[in-house]
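# A closer look at the structure
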Amino acid sequence: MSSFIIETPKEFSFHQCLHFLNRSPNELLHLTQGEQVQKIIRVHDKTILFSIETDLQNQLVVSVLNQRTTATLQQAICSYVTDWFDLKTDLKPFYAFASNDPILKSLVKKYAGYRIVGMPDLFEALSWAIIGQQINLSFAYRLKQQFVQSFGEKFSWKERTYYHFPAAELVAGLNPASLLALQFSRQKAEYVIATAKAFASGVISKEQLSLLSFPEAKERLIKLKGIGNWTANYVLMKTFHYPNAFPLEDAGLHQAIRRQLNLSAKPTLQQIEQLFKKYKGWEAYATLYLWRSLSE
DNA sequence: CGCCAGGTTAGAG
DNA sequence: CTCTAACATGGC
(Lines give C-alpha, C1' and ligand atoms only; values in the text may rest on other atoms or scores of the structure.)
Protein backbone atom coordinates (compact mmCIF):
# COMPACT_ATOMS: atom_id res chain seq x y z
CA MET A 1 0.00 0.00 0.00
CA SER A 2 1.20 3.49 -0.77
CA SER A 3 -0.06 6.92 0.11
CA PHE A 4 0.08 10.36 -1.33
CA ILE A 5 -1.17 13.81 -0.46
CA ILE A 6 -3.76 16.00 -2.10
CA GLU A 7 -3.48 19.65 -1.17
CA THR A 8 -6.72 21.32 -0.17
CA PRO A 9 -7.89 24.91 0.08
CA LYS A 10 -8.00 26.49 3.52
CA GLU A 11 -11.79 26.63 3.29
CA PHE A 12 -12.24 22.90 3.32
CA SER A 13 -13.35 20.57 6.06
CA PHE A 14 -13.15 16.87 5.38
CA HIS A 15 -15.00 16.32 8.63
CA GLN A 16 -18.00 18.28 7.36
CA CYS A 17 -18.00 16.34 4.11
CA LEU A 18 -17.85 13.09 6.05
CA HIS A 19 -21.04 14.10 7.79
CA PHE A 20 -22.68 14.07 4.39
CA LEU A 21 -21.06 10.79 3.39
CA ASN A 22 -22.42 9.28 6.58
CA ARG A 23 -25.97 10.31 5.88
CA SER A 24 -27.35 6.86 5.27
CA PRO A 25 -26.49 3.44 6.64
CA ASN A 26 -27.73 2.05 3.32
CA GLU A 27 -25.07 3.72 1.22
CA LEU A 28 -23.06 1.15 -0.71
CA LEU A 29 -21.00 3.38 -3.02
CA HIS A 30 -18.53 4.28 -0.32
CA LEU A 31 -17.68 3.04 3.13
CA THR A 32 -16.92 5.24 6.10
CA GLN A 33 -14.90 4.18 9.07
CA GLY A 34 -14.36 6.81 11.71
CA GLU A 35 -12.75 9.78 10.03
CA GLN A 36 -11.93 7.83 6.90
CA VAL A 37 -13.77 6.98 3.73
CA GLN A 38 -13.12 4.16 1.28
CA LYS A 39 -14.32 3.94 -2.27
CA ILE A 40 -13.71 2.10 -5.51
CA ILE A 41 -13.46 3.76 -8.88
CA ARG A 42 -12.47 2.55 -12.31
CA VAL A 43 -9.27 3.76 -13.84
CA HIS A 44 -8.49 2.37 -17.29
CA ASP A 45 -10.96 -0.47 -16.71
CA LYS A 46 -9.28 -1.49 -13.50
CA THR A 47 -10.99 -1.28 -10.14
CA ILE A 48 -9.04 0.86 -7.73
CA LEU A 49 -9.83 0.83 -4.02
CA PHE A 50 -8.59 3.81 -2.06
CA SER A 51 -9.10 5.43 1.31
CA ILE A 52 -9.04 9.09 2.27
CA GLU A 53 -8.34 10.76 5.57
CA THR A 54 -6.83 14.08 6.65
CA ASP A 55 -3.51 14.96 8.21
CA LEU A 56 -2.80 17.73 10.69
CA GLN A 57 -2.31 20.24 7.90
CA ASN A 58 -5.86 19.61 6.66
CA GLN A 59 -4.54 17.95 3.54
CA LEU A 60 -6.03 14.75 2.22
CA VAL A 61 -4.04 11.58 2.58
CA VAL A 62 -5.00 9.07 -0.06
CA SER A 63 -3.99 5.43 0.19
CA VAL A 64 -4.41 3.03 -2.66
CA LEU A 65 -5.26 -0.29 -1.06
CA ASN A 66 -5.30 -2.81 -3.86
CA GLN A 67 -2.68 -1.68 -6.36
CA ARG A 68 0.83 -0.48 -6.64
CA THR A 69 0.64 3.25 -7.13
CA THR A 70 1.97 4.87 -10.25
CA ALA A 71 2.17 8.53 -11.13
CA THR A 72 -0.59 8.06 -13.68
CA LEU A 73 -2.85 6.37 -11.17
CA GLN A 74 -2.17 9.04 -8.54
CA GLN A 75 -3.06 11.65 -11.10
CA ALA A 76 -6.34 9.93 -11.92
CA ILE A 77 -7.33 9.55 -8.28
CA CYS A 78 -6.32 13.11 -7.57
CA SER A 79 -8.63 14.44 -10.30
CA TYR A 80 -11.41 12.21 -9.08
CA VAL A 81 -11.10 13.36 -5.48
CA THR A 82 -10.77 17.00 -6.49
CA ASP A 83 -14.00 16.65 -8.42
CA TRP A 84 -15.71 14.63 -5.71
CA PHE A 85 -15.10 17.20 -2.97
CA ASP A 86 -15.33 20.22 -5.24
CA LEU A 87 -11.86 21.33 -4.21
CA LYS A 88 -11.44 23.74 -7.11
CA THR A 89 -14.13 26.14 -6.01
CA ASP A 90 -12.80 29.15 -4.15
CA LEU A 91 -15.21 29.66 -1.28
CA LYS A 92 -13.70 32.93 -0.03
CA PRO A 93 -16.09 35.15 -2.01
CA PHE A 94 -19.05 33.09 -0.88
CA TYR A 95 -18.04 33.28 2.77
CA ALA A 96 -17.38 37.00 2.43
CA PHE A 97 -20.98 37.80 1.58
CA ALA A 98 -22.60 34.90 3.41
CA SER A 99 -21.11 36.18 6.68
CA ASN A 100 -23.29 39.24 6.28
CA ASP A 101 -26.43 37.40 5.27
CA PRO A 102 -28.97 36.97 8.07
CA ILE A 103 -29.76 33.38 7.09
CA LEU A 104 -26.42 32.06 5.92
CA LYS A 105 -24.32 33.82 8.52
CA SER A 106 -24.68 31.27 11.27
CA LEU A 107 -24.67 28.33 8.85
CA VAL A 108 -21.36 29.12 7.17
CA LYS A 109 -19.84 29.60 10.55
CA LYS A 110 -21.17 26.38 12.00
CA TYR A 111 -20.36 24.26 8.96
CA ALA A 112 -17.26 26.07 7.75
CA GLY A 113 -15.42 24.16 5.08
CA TYR A 114 -18.38 22.07 4.04
CA ARG A 115 -18.34 21.54 0.30
CA ILE A 116 -20.58 20.00 -2.30
CA VAL A 117 -19.86 16.30 -2.34
CA GLY A 118 -20.34 15.73 -6.01
CA MET A 119 -21.19 12.83 -8.28
CA PRO A 120 -18.65 12.67 -11.07
CA ASP A 121 -20.69 9.99 -12.83
CA LEU A 122 -23.57 11.67 -14.68
CA PHE A 123 -25.61 8.50 -15.11
CA GLU A 124 -25.36 7.86 -11.40
CA ALA A 125 -26.38 11.42 -10.58
CA LEU A 126 -29.41 11.31 -12.87
CA SER A 127 -30.50 7.88 -11.67
CA TRP A 128 -30.10 8.87 -8.06
CA ALA A 129 -32.07 12.04 -8.59
CA ILE A 130 -34.87 10.12 -10.32
CA ILE A 131 -34.91 7.57 -7.53
CA GLY A 132 -35.18 10.38 -4.99
CA GLN A 133 -38.04 12.17 -6.70
CA GLN A 134 -41.05 12.70 -4.48
CA ILE A 135 -40.15 10.21 -1.75
CA ASN A 136 -38.43 10.60 1.57
CA LEU A 137 -34.66 10.28 1.67
CA SER A 138 -34.42 7.14 3.74
CA PHE A 139 -36.68 5.29 1.35
CA ALA A 140 -34.70 6.73 -1.57
CA TYR A 141 -31.49 5.37 -0.08
CA ARG A 142 -33.08 2.00 0.31
CA LEU A 143 -34.20 1.93 -3.30
CA LYS A 144 -30.69 2.86 -4.37
CA GLN A 145 -29.23 0.20 -2.14
CA GLN A 146 -31.36 -2.50 -3.75
CA PHE A 147 -30.61 -1.16 -7.20
CA VAL A 148 -26.85 -1.10 -6.62
CA GLN A 149 -26.86 -4.46 -4.92
CA SER A 150 -28.84 -6.05 -7.72
CA PHE A 151 -27.16 -4.52 -10.74
CA GLY A 152 -23.89 -2.91 -9.66
CA GLU A 153 -20.60 -4.71 -10.05
CA LYS A 154 -19.24 -6.07 -6.80
CA PHE A 155 -15.66 -5.89 -5.61
CA SER A 156 -14.45 -7.71 -2.54
CA TRP A 157 -11.34 -6.87 -0.62
CA LYS A 158 -10.30 -8.07 2.82
CA GLU A 159 -13.71 -9.23 3.99
CA ARG A 160 -15.38 -6.11 2.71
CA THR A 161 -17.65 -5.66 -0.28
CA TYR A 162 -17.62 -2.56 -2.41
CA TYR A 163 -19.91 -1.69 -5.29
CA HIS A 164 -19.79 0.21 -8.53
CA PHE A 165 -22.95 2.00 -9.57
CA PRO A 166 -24.84 -0.10 -12.16
CA ALA A 167 -23.60 0.47 -15.71
CA ALA A 168 -25.93 2.32 -18.05
CA GLU A 169 -25.41 -0.39 -20.69
CA LEU A 170 -26.73 -3.01 -18.29
CA VAL A 171 -29.65 -0.94 -17.00
CA ALA A 172 -30.64 -0.10 -20.57
CA GLY A 173 -31.40 -3.79 -21.11
CA LEU A 174 -33.56 -4.24 -18.01
CA ASN A 175 -37.30 -4.69 -17.99
CA PRO A 176 -39.34 -2.33 -15.83
CA ALA A 177 -40.52 -5.44 -13.97
CA SER A 178 -37.06 -6.05 -12.53
CA LEU A 179 -37.10 -2.58 -11.01
CA LEU A 180 -40.70 -2.83 -9.85
CA ALA A 181 -39.55 -5.83 -7.85
CA LEU A 182 -37.15 -3.48 -6.03
CA GLN A 183 -40.10 -1.23 -5.07
CA PHE A 184 -39.54 1.32 -7.82
CA SER A 185 -42.75 2.88 -9.03
CA ARG A 186 -43.57 2.16 -12.68
CA GLN A 187 -42.71 5.77 -13.45
CA LYS A 188 -39.30 5.64 -11.81
CA ALA A 189 -38.51 2.33 -13.45
CA GLU A 190 -39.31 3.77 -16.86
CA TYR A 191 -37.37 6.97 -16.26
CA VAL A 192 -34.24 5.19 -15.07
CA ILE A 193 -34.30 2.71 -17.95
CA ALA A 194 -34.96 5.47 -20.49
CA THR A 195 -32.05 7.45 -19.07
CA ALA A 196 -29.82 4.40 -19.27
CA LYS A 197 -30.81 3.91 -22.90
CA ALA A 198 -29.96 7.52 -23.66
CA PHE A 199 -26.44 6.89 -22.30
CA ALA A 200 -26.04 3.50 -23.90
CA SER A 201 -27.03 4.80 -27.30
CA GLY A 202 -24.88 7.89 -27.01
CA VAL A 203 -27.83 10.28 -27.14
CA ILE A 204 -26.39 11.84 -24.02
CA SER A 205 -23.02 11.90 -22.32
CA LYS A 206 -21.18 13.91 -19.75
CA GLU A 207 -18.56 14.92 -22.29
CA GLN A 208 -21.16 16.25 -24.69
CA LEU A 209 -23.05 18.17 -22.00
CA SER A 210 -19.87 19.66 -20.61
CA LEU A 211 -19.35 21.44 -23.92
CA LEU A 212 -22.66 23.27 -23.56
CA SER A 213 -23.46 26.39 -21.61
CA PHE A 214 -25.45 26.18 -18.39
CA PRO A 215 -28.85 26.98 -19.96
CA GLU A 216 -28.16 24.77 -22.97
CA ALA A 217 -27.17 21.82 -20.80
CA LYS A 218 -30.26 22.28 -18.66
CA GLU A 219 -32.48 22.41 -21.71
CA ARG A 220 -30.84 19.29 -23.09
CA LEU A 221 -31.35 17.40 -19.83
CA ILE A 222 -34.97 18.39 -19.50
CA LYS A 223 -35.68 16.90 -22.92
CA LEU A 224 -35.13 13.48 -21.35
CA LYS A 225 -38.23 11.86 -20.01
CA GLY A 226 -38.31 11.98 -16.24
CA ILE A 227 -35.85 14.86 -15.98
CA GLY A 228 -37.54 18.06 -14.92
CA ASN A 229 -36.20 21.33 -13.61
CA TRP A 230 -35.42 19.94 -10.17
CA THR A 231 -33.42 16.97 -11.48
CA ALA A 232 -31.59 18.96 -14.14
CA ASN A 233 -30.45 21.56 -11.62
CA TYR A 234 -29.52 18.87 -9.16
CA VAL A 235 -27.06 17.24 -11.55
CA LEU A 236 -25.79 20.56 -12.87
CA MET A 237 -24.89 21.24 -9.26
CA LYS A 238 -23.59 17.81 -8.26
CA THR A 239 -21.89 16.65 -11.44
CA PHE A 240 -21.01 19.81 -13.32
CA HIS A 241 -20.40 22.06 -10.33
CA TYR A 242 -22.27 25.05 -11.68
CA PRO A 243 -22.27 27.44 -8.72
CA ASN A 244 -25.53 28.97 -9.88
CA ALA A 245 -27.45 25.70 -10.25
CA PHE A 246 -29.93 24.87 -7.53
CA PRO A 247 -33.12 22.79 -7.29
CA LEU A 248 -35.74 25.47 -6.80
CA GLU A 249 -38.56 22.95 -6.30
CA ASP A 250 -36.72 20.95 -3.65
CA ALA A 251 -38.85 20.03 -0.65
CA GLY A 252 -35.84 19.98 1.67
CA LEU A 253 -34.78 23.43 0.58
CA HIS A 254 -38.30 24.70 1.22
CA GLN A 255 -38.28 23.16 4.65
CA ALA A 256 -34.89 24.69 5.47
CA ILE A 257 -35.99 28.16 4.40
CA ARG A 258 -39.17 27.81 6.36
CA ARG A 259 -37.25 26.96 9.50
CA GLN A 260 -34.58 29.59 9.09
CA LEU A 261 -37.13 32.34 8.50
CA ASN A 262 -39.57 30.92 11.02
CA LEU A 263 -42.39 30.89 8.48
CA SER A 264 -45.71 29.36 9.40
CA ALA A 265 -45.97 27.68 5.96
CA LYS A 266 -43.58 26.58 3.26
CA PRO A 267 -42.34 29.46 1.13
CA THR A 268 -43.76 29.84 -2.38
CA LEU A 269 -41.53 29.42 -5.41
CA GLN A 270 -41.75 33.17 -5.97
CA GLN A 271 -40.55 33.84 -2.44
CA ILE A 272 -37.61 31.53 -2.94
CA GLU A 273 -36.67 33.14 -6.23
CA GLN A 274 -36.80 36.48 -4.50
CA LEU A 275 -34.63 35.27 -1.63
CA PHE A 276 -32.11 33.67 -3.97
CA LYS A 277 -31.58 36.88 -5.91
CA LYS A 278 -29.28 37.78 -3.05
CA TYR A 279 -27.32 34.60 -3.62
CA LYS A 280 -26.78 35.11 -7.32
CA GLY A 281 -23.74 33.22 -8.52
CA TRP A 282 -23.68 31.15 -5.31
CA GLU A 283 -27.06 29.48 -5.37
CA ALA A 284 -25.56 25.99 -5.18
CA TYR A 285 -23.64 26.72 -2.00
CA ALA A 286 -26.49 28.65 -0.44
CA THR A 287 -28.61 25.56 -1.04
CA LEU A 288 -25.94 23.25 0.34
CA TYR A 289 -25.71 25.13 3.62
CA LEU A 290 -29.48 25.38 3.91
CA TRP A 291 -29.75 21.63 3.38
CA ARG A 292 -27.10 21.12 5.99
CA SER A 293 -29.18 23.07 8.49
CA LEU A 294 -31.87 20.41 8.28
CA SER A 295 -29.81 17.79 10.08
CA GLU A 296 -29.73 19.78 13.30
C1' DC B 1 -55.73 7.37 8.90
C1' DG B 2 -53.52 11.57 6.94
C1' DC B 3 -49.97 14.24 5.25
C1' DC B 4 -45.65 14.88 3.38
C1' DA B 5 -41.44 13.25 1.07
C1' DG B 6 -34.55 15.97 -2.26
C1' DG B 7 -40.93 15.69 -8.66
C1' DT B 8 -42.57 14.81 -13.37
C1' DT B 9 -45.84 14.11 -16.76
C1' DA B 10 -49.98 14.36 -19.43
C1' DG B 11 -54.11 16.38 -19.98
C1' DA B 12 -57.64 19.89 -19.08
C1' DG B 13 -59.11 24.62 -18.93
C1' DC C 1 -49.83 29.68 -20.11
C1' DT C 2 -51.34 27.71 -15.49
C1' DC C 3 -53.59 24.19 -12.73
C1' DT C 4 -54.37 19.37 -11.41
C1' DA C 5 -54.59 14.32 -10.94
C1' DA C 6 -51.91 10.36 -10.94
C1' DC C 7 -48.01 8.04 -9.70
C1' DA C 8 -46.51 4.42 -5.31
C1' DT C 9 -44.67 3.73 -0.92
C1' DG C 10 -42.40 4.83 3.47
C1' DG C 11 -41.76 7.83 7.65
C1' DC C 12 -43.84 10.00 11.30
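Rules used throughout
In every chain, residue numbers begin from 1 and rise along the written sequence. Lettering for chains starts from A, numbering for ligands starts from 1, and both go in the order in which the items are written. Selection of residues for local features in this predicted model requires a pLDDT of at least 70, selection of side-chain atom pairs for listing and counting requires 80 or more, and totals for whole chains, interfaces and linings are taken over all residues. To get the side-chain values, take all heavy atoms of the structure and skip hydrogens and water. Only centres within 6.5 Å qualify two rings of Phe, Tyr or Trp (six-membered ring in Trp) as a pair; their planes then separate them into stacked at under 30 degrees, edge-to-face at over 60, and tilted for everything else. A run of H or I in DSSP becomes a helix once it reaches four residues, and a run of E becomes a strand once it reaches two; helices and strands are each numbered from the N terminus. Exposed residues in this analysis have more than 50% of their type's maximum accessible area, buried residues have under 20%, and partly exposed residues fall in between, with area computed by a 1.4 Å probe over protein chains only. Think of it as a cone above the ring: NZ of Lys or CZ of Arg counts as a charge over the ring if it is within 6 Å of the ring centre and within 35 degrees of the ring normal. Throughout, near means a residue has at least one heavy atom within 4 Å of the molecule or strand. Here a polar contact means two N or O atoms within 3.5 Å. Within protein one must be a hydrogen donor candidate and the other an acceptor candidate, and residues neighboring in sequence count only if both atoms are side-chain atoms. For this scheme, ten residues count as nonpolar: Ala, Val, Leu, Ile, Met, Phe, Trp, Tyr, Cys and Pro. Four count as charged, namely Asp, Glu, Lys and Arg, and the remainder, Gly too, count as polar. What counts as a salt bridge is simple: a side-chain nitrogen of Lys or Arg found within 4 Å of a carboxyl oxygen of Asp or Glu.

### What to know about the packing of aromatic side chains
- Counted according to the given criterion, the structure contains 26 aromatic pairs.
- Both rings, one in phenylalanine 123 and one in phenylalanine 165, keep their centres 5.9 Å apart while their planes meet at 70°; by these two values the pair is edge-to-face. Of this pair, phenylalanine 123 sits in helix α5 (residues 122-132) while phenylalanine 165 sits in the loop between β7 (160-163) and α7 (168-172), and the two are 42 residues apart along the sequence. Of the two residues examined, phenylalanine 123 and phenylalanine 165, each falls in the buried class.
- If you follow lysine 39 out to its NZ or CZ, it ends over the ring of tryptophan 84, 5.4 Å from the centre.
- Sitting over the ring of tryptophan 128, lysine 144 keeps its end group 4.8 Å from the ring centre.

### Points about the protein's contact with DNA strand B
- The immediate surroundings of DNA strand B are formed by 24 residues, with Arg23, Leu137, Gly226, Thr231 and Tyr234 found nearest.
- Near the protein, meaning within 4 Å, the atoms of DNA strand B are sugar or phosphate in a fraction of 54%, with bases accounting for the rest.
- Here tyrosine 234 contributes a side-chain N or O atom positioned 3.2 Å from a base nitrogen of DNA strand B.
- If one sorts the elements of the surface near DNA strand B by residue count, helix α12 (residues 229-238) sits on top with 4 residues.
- Of the residues that constitute the surface near DNA strand B, the class distribution is 9 nonpolar, 10 polar and 5 charged.

### What to know about the pattern of salt bridges
- If you walk through the whole model with that rule in mind, you get 6 salt bridges.
- In this structure, the salt-bridge partner of aspartate 83 is lysine 206, at a minimum N-O distance of 3.8 Å. Note that aspartate 83 is positioned in helix α2 (residues 71-84) and lysine 206 in helix α10 (residues 206-210), a separation of 123 residues in sequence.
- A salt bridge links lysine 278 to aspartate 101; its shortest N-O distance comes to 3.3 Å. Highlighted residues: lysine 278 in the loop between α14 (269-277) and α15 (283-292) and aspartate 101 in the loop between α3 (92-98) and α4 (104-110), separated in sequence by 177 residues.

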